[in-house]
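Now for the letters of each chain:
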Amino acid sequence: MQATTQLLHSIPVDAQTGAIAVPIYQTSTFVQEAPGVNKGFDYSRTNNPTRQELEKIIAQLEKGTVAAAFSSGLAAIDAVIKLLESGDEILAVNDIYGGAFRLFEKVYKKFGITVTYVDMSDLTAVHRAISLKTKLIWLETPTNPTLKVADIRAIADIAERYKLLFAVDNTFASPVYQQPLTLGADIVVHSATKFIGGHSDVIAGLIIAKDPEIGKQIKFYQNACGAVLGPFDSFLLIRGLETLHLRVQQHTRSATQVAQFLQKHAAVEEVFYPGFGGVVSFRLKQDSESAASIFVQSTQLFHLAESLGGVKSLISHPVSMTHKSIDPEKRKAAGITDGLIRLSVGLEDAADLVNDLEDAFQQITQNKKASGLLKKEAGLVSI
Ligand SMILES: *Cc1c(COP(=O)(O)O)cnc(C)c1O
């Protein structure tokens, strides 16, 4: 059976009523017949029927045994780090999601957990960076915003050899393109805010574990720390999952057309696109913050906003938005220069999106001409 069919039919028909959509159990508590005697649910932080359905569906889709849904992608990352102890070290991908970097550096450092950052597309560097204290490898692939790809299976082999936990943030690829647990990872994390939710209307995170014992620990932290996903938001993710394959395939088709257009454009220096997914980044020939700033304010269909993976196209300028807090030297070393622009290609018609970008290119060219004229005029005045 194809993955799409399997996914759609892993969403159950409600046994009690025949409802074809998963009911939203908007309740905090459950009535008990006697103390401790209940129908499998006692309190919605611990377990809720709508959230439980979502967790079952995503566990199947990512080929894991246990899943847990959280109130944000960062809350999910946070729960994984809670598996560690003071004195442990994380080996993390160097162009890591900014929020994960902040969590590691500003929260977990003070609890004695240290992090080493390494380019995970370089396996020798990964080997070399492992110390006696290393407990967890943290990978994102493709990375943000330069979409660098790492070999999950090769890193899983390294993790196995040194008996390390291996977690993959699978937000950018989505389970449609990659299922890290089948390639040797122990844990998958999603910011379901992005492709899984898919409509820019929910903040949510997911963890999927391969081993039931690790899954049990994650579930413990989900309940003990309490950053759970509510019933309505769980419903929204289930609804998003129903069209995940369809949406992601279309995102890819349109993003490919956009990437091809950019590749040929005279005003573009470099295009970053791994060949799948809805995110495309590119560097302007005019590698300046002013040109990029004019560009991102000139599009009509691409809305200027952070985030990605939704039905509507978004445009962002990493240097002044998502990656602002990163040290400029480090930023540059990671290829995030002033003229870098990131697109989340949505589900509008691809030709319309290309036209919208072409109009924005016209704006920066006109502006360049105008500023050239101004300089000439200023020169005349000074003479
Ligand atoms: C957005 C994002 C996160 C954080 O998720 P939130 O739902 O915003 O908390 C984590 N990892 C990646 C790769 C992301 O893009």
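Let me sum up the structure you'll find in this document. (Residues numbered from 1 in each chain as written. Predicted model: local features only at pLDDT ≥ 70, side-chain atom pairs only at ≥ 80, totals over all residues. Heavy atoms only, no water.)

### Here's the deal with the packing of aromatic side chains
So the rule is basically this: Geometry of aromatic contacts follows a simple scheme: Phe, Tyr and Trp rings, the Trp one being its six-membered ring, pair when their centres are within 6.5 Å, and the pair is stacked under 30 degrees between planes, edge-to-face over 60, tilted otherwise. Only runs of H or I of at least four residues qualify as helices and only runs of E of at least two qualify as strands under DSSP, and these elements are numbered from the N terminus. Exposure is judged per residue with a 1.4 Å probe applied to protein chains only, and the accessible area is read against the type maximum: over 50% gives exposed, under 20% gives buried, and values in between give partly exposed.
What the rule picks out here adds up to 11 aromatic pairs. A centroid spacing of 5.5 Å and a plane angle of 35° characterise the contact between phenylalanine 30 and phenylalanine 41, whose relative ring orientation is tilted. With a gap of 11 residues between them, phenylalanine 30 in the loop between helix H1 (3–9) and helix H2 (49–61) and phenylalanine 41 in the loop between H1 and H2 connect regions that are remote in the sequence. Assigned by exposure class, phenylalanine 30 and phenylalanine 41 land together as buried. Considering the side-chain rings of phenylalanine 261 and phenylalanine 361, the 6.2 Å spacing of their centres and the 55° angle between planes classify their relative orientation as tilted. Of this pair, phenylalanine 261 sits in helix H10 (residues 244–264) while phenylalanine 361 sits in helix H13 (residues 350–382); the two residues are 100 residues apart in sequence, bridging distant segments of the chain. Residue phenylalanine 261 shares its accessibility class with phenylalanine 361, and that shared class is buried. Put simply, the rings of Phe261, Phe282, Phe295 and Phe361 touch in pairs and so form one group of aromatic residues.

### Re the sheet that holds strand E2 (residues 89–93)
Selection criterion: Between any two strands, at least two bridges found by DSSP are needed for them to pair. To get an axis, a line is fitted to the C-alpha atoms, and for a helix only the part in contact is used. The angle between two axes follows their N-to-C directions and goes from 0 to 180 degrees. Contacts are assigned to residue pairs with any non-hydrogen atoms lying within 4.5 Å of each other.
If you walk across this open sheet you meet the 7 strands as E1-E7-E6-E5-E4-E2-E3, and the pairing is mixed. In this open sheet, the two edge strands, each paired with only one partner strand, are strand E1 (66–70) and strand E3 (114–118). Neighbour to neighbour, the strand axes of the sheet diverge by 20° on average, direction disregarded. Relative to strand E4 (residues 134–140), E2 runs parallel, the two being bridged by 4 bridges. Residue alanine 92 lies in a different strand from E4, and its bridge partner there is tryptophan 138. Sheet contacts for H2: E1 and strand E7 (205–209); angle to E1, the most-contacted strand, approximately 130°. Set on the sheet, helix H6 (residues 152–161) makes contact with E4 and strand E5 (165–169); between it and E5 the angle comes to about 155°.

### Focus: the nonpolar core
It is characteristic of soluble globular proteins that their nonpolar side chains tend to be buried jointly. To keep it simple, the criterion reads: Take the buried residues of types Ala, Val, Leu, Ile, Met, Phe, Trp, Tyr and Cys, join any two whose side-chain atoms come within 4.5 Å, and each joined set is a nonpolar core. Segmentation into domains, and thus their bounds, comes from an automatic or database assignment.
Val80, Ile81, Ile90, Met120, Trp138 and Phe166 are the most contacted members of the largest nonpolar core, which totals 84 residues. Element by element, the count of residues in this core is highest for helix H3 (residues 73–81), at 6 residues. A domain split of this core shows at least three residues from each of domain 1 (3–242) and domain 2 (245–377).

### Topic: the pattern of salt bridges
Oppositely charged side chains can form a pair if their charged atoms are brought close together. Selection criterion: Salt bridge, as used here: a side-chain nitrogen of Lys or Arg that lies within 4 Å of a carboxyl oxygen of Asp or Glu.
Under the criterion given, the structure shown has 9 salt bridges. Across the salt bridge formed by lysine 135 and aspartate 88, the nearest N and O atoms sit 3.1 Å from each other. A residue pair is termed long-range when its members are at least 10 positions apart, and lysine 135 in strand E4 and aspartate 88 in the loop between H3 and E2 qualify at 47 residues. Two residues, glutamate 105 and lysine 109, come together in a salt bridge whose shortest N-O distance is 2.8 Å. You can call lysine 109 partly exposed: its relative accessible area is 46%.

No statement about biological role is implied by the geometric values presented.
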